[in-house]
Amino acid sequence: MDLQGKTILTGVKPTGTLHIGNYVGAIRPAIELGHHVSQTGRHIMFVADYHAINAIKDAVLLKRLRKEIACVYLACGLDPNQSIFYMQSDVPELFEMTTILMAYTPKGFMNKAHAYKAAVDKNHIKGEPADSGINMGLYTYPVLMASDILSYDTDLVPVGKDQIQHVEIAADIAGSINALYQKEVLKIPSYFVQEASQTLPGIDGQKMSKSYNNVIPLFGTDAEIKKAVMSIKTDCQDINAPKNPEEILLYHIIRGIAPDTVVQEVKEGLEKGGMGYGTIKKMLLASILQEVSEKREKYNNYMAHFDDVQDMLNEGAKKARAIARPVLERTKDAVFAR
Ligand code: ADP
Ligand code: TRP
């Protein structure tokens, strides 16, 4: 895909402490993209804290999660001089834009949005009224997300499959506003699914997810990471039996995170037989620590000096507002014929 000169935007919801699945599937690719795109275009990356309050009402917890996410991205190499990096709640233009977009969003779009439908389905299973526990923030989630996207004349939004529908809704809203006023008031965004992103299994073999309690924490202590790695589920085949690596959970995890040479060694060891699961776990642990140790040190440093991070976020918000303001004014010009 030609990313020359494009504006690419990614939002990250601070809803949980991050694990190595998030790292290989979302954080690393987003940062690499930032390095690539910022040469010719614009890379925007923000913490979607207003999206998070739909789910998290514990203010102290949310404070910690917002902080953690910002520090994780910086520690993993996001460069605030190359990428525009900010907290969503520091850009008030987004909320004016959200109010405008609301007026052009058919209610039916919201009824069909995945996050809302999933919440309704859960209520149905529990035998509760359809809208029980569902707030308007969750219901209108895609409108705020459309505002996130449309406020910067975004060309492309890299997404996981679950977010495609949201970008399509943003494109539809922009399309109907443009059609109504017969000019390009808002830029129509596209999504792209990043091919490289892979799903890392957790220590029990299901998808690694904070909801399944099966994670290897990204920036846990050595002891926490070791405990998780040593708990990876294994079978009781004879150590000397030749095995198909594809059928071995440990192999799938090591393939997601370890360098190619280690992956190859484990593959051959399993195929030939004779390489025990304990040995492979030690190799996996060493690979994870090699990948994360330096970043973890940076992370702890950022967490301990959050004032510096706050300064970076403030700078980022200023840059974001400078882009969002003219887009908002252009939109107000159109809808009020100013
Ligand atoms: P979780 O499943 O832990 O709740 P989220 O749904 O918040 O994680 O996902 C945040 C980001 O991390 C998404 O972009 C998602 O695609 C990515 N991600 C989450 N789990 C994995 C995994 N096991 N492997 C690869 N990527 C993942
Ligand atoms: N909805 C996204 C998620 O759950 C987070 C998000 C909010 C986002 N606004 C966005 C992603 C704008 C891309 C673009 O992961």
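Source: prediction; values computed, not measured.

Another aspect to go through is the domain arrangement of the chain. Each assigned domain of the chain is listed with its residue range as follows: domain 1 (7-200 + 305-335) and domain 2 (219-299). Facing the 11 residues of domain 1 at the interface are 10 residues of domain 2. With both chains or domains summed, domain 1 and domain 2 bury close to 930 Å², and 70% of this area falls on carbon and sulfur atoms. Connecting domain 1 to domain 2 are 1 salt bridge. Here Glu291 and Arg28 are joined by a salt bridge, their closest N and O atoms 3.5 Å apart. If you look at where domain 1 meets domain 2, you find 1 residue pair in polar contact (both at pLDDT 80 or more). For the side of domain 1 that touches domain 2, a count of residues per class yields 8 nonpolar, 1 polar and 2 charged.

Let's shift gears to helix α6 (residues 114-125). When the terminal C-alpha atoms of α6 are compared, their 16 Å separation across 12 residues agrees well with the 16 Å that a helix rising 1.5 Å per residue should span. Among the residues of α6, Tyr116, Ala119 and Asn123 are the ones counted as buried. Buried residues of α6 fall within an arc of 65 degrees about the axis and therefore sit on the same side. The exposed set on the far side of α6, more than 90 degrees from its buried face, consists of Lys122, His124 and Ile125.

The immediate surroundings of ligand 2 are formed by Leu9, Gly11, Lys13, Phe46, Ala48, His51, Tyr141, Met145, Asp148, Ile149, Val157 and Gln163. The contact in question runs from a nitrogen atom of ligand 2 to an N or O atom on the side chain of Tyr141, over 2.6 Å. The side chain of Gln163 places a nitrogen or oxygen atom 2.9 Å from a nitrogen atom of ligand 2. Looking at the shell around ligand 2, the elements with two or more residues in it are β1 (7-12) and α8 (141-150).

Moving on to the pattern of salt bridges. The final tally for this structure, using the stated rule, is 17 salt bridges. With a shortest N-O distance of 2.8 Å, Arg330 and Asp153 are connected by a salt bridge. Separated by 177 residues along the polypeptide, Arg330 in helix α14 (residues 306-336) and Asp153 in the loop between α8 and β4 (156-159) bring together distant segments of the chain. Across the pair Arg338 and Glu329 runs a salt bridge, and its minimum N-O distance is 2.6 Å. Residues joined in a network through salt bridges with shared partners are Glu93, Glu96, Arg321, Arg325, Glu329, Lys332, Asp333 and Arg338.

This structure, assessed with the given rule, holds 6 aromatic pairs. Measuring from ring centre to ring centre gives 6.2 Å for Tyr104 and Tyr181, while their planes differ by 65 degrees; the resulting arrangement is edge-to-face. With Tyr104 in the loop between α4 (93-102) and α5 (107-112) and Tyr181 in helix α9 (residues 164-181), this pair connects stretches of sequence that are 77 residues apart. Owing to a relative accessible area of 19%, Tyr104 belongs among the buried residues under this scheme. Owing to a relative accessible area of 25%, Tyr181 belongs among the partly exposed residues under this scheme.

Calculation rules
Residues numbered from 1 in each chain as written. Chains lettered and ligands numbered in written order. Predicted model: local features only at pLDDT ≥ 70, side-chain atom pairs only at ≥ 80, totals over all residues. Heavy atoms only, no water. Domains from an automatic or database assignment. Contact = heavy atoms within 4.5 Å. Buried area = accessible area lost by both parts, 1.4 Å probe. Salt bridge = Lys/Arg side-chain N within 4 Å of Asp/Glu carboxyl O. Polar contact = N/O pair within 3.5 Å; in protein donor to acceptor, adjacent residues only side chain to side chain. Nonpolar A, V, L, I, M, F, W, Y, C, P; charged D, E, K, R; others polar. Helix = DSSP H or I, 4+ residues; strand = E, 2+ residues; numbered from the N terminus. Expected span 1.5 Å × (residues − 1). Buried < 20%, exposed > 50% of the residue type's maximum accessible area, 1.4 Å probe, protein only. Arc of directions from axis to C-beta. Near = heavy atom within 4 Å. Phe/Tyr/Trp six-rings, centres within 6.5 Å; stacked < 30°, edge-to-face > 60°.

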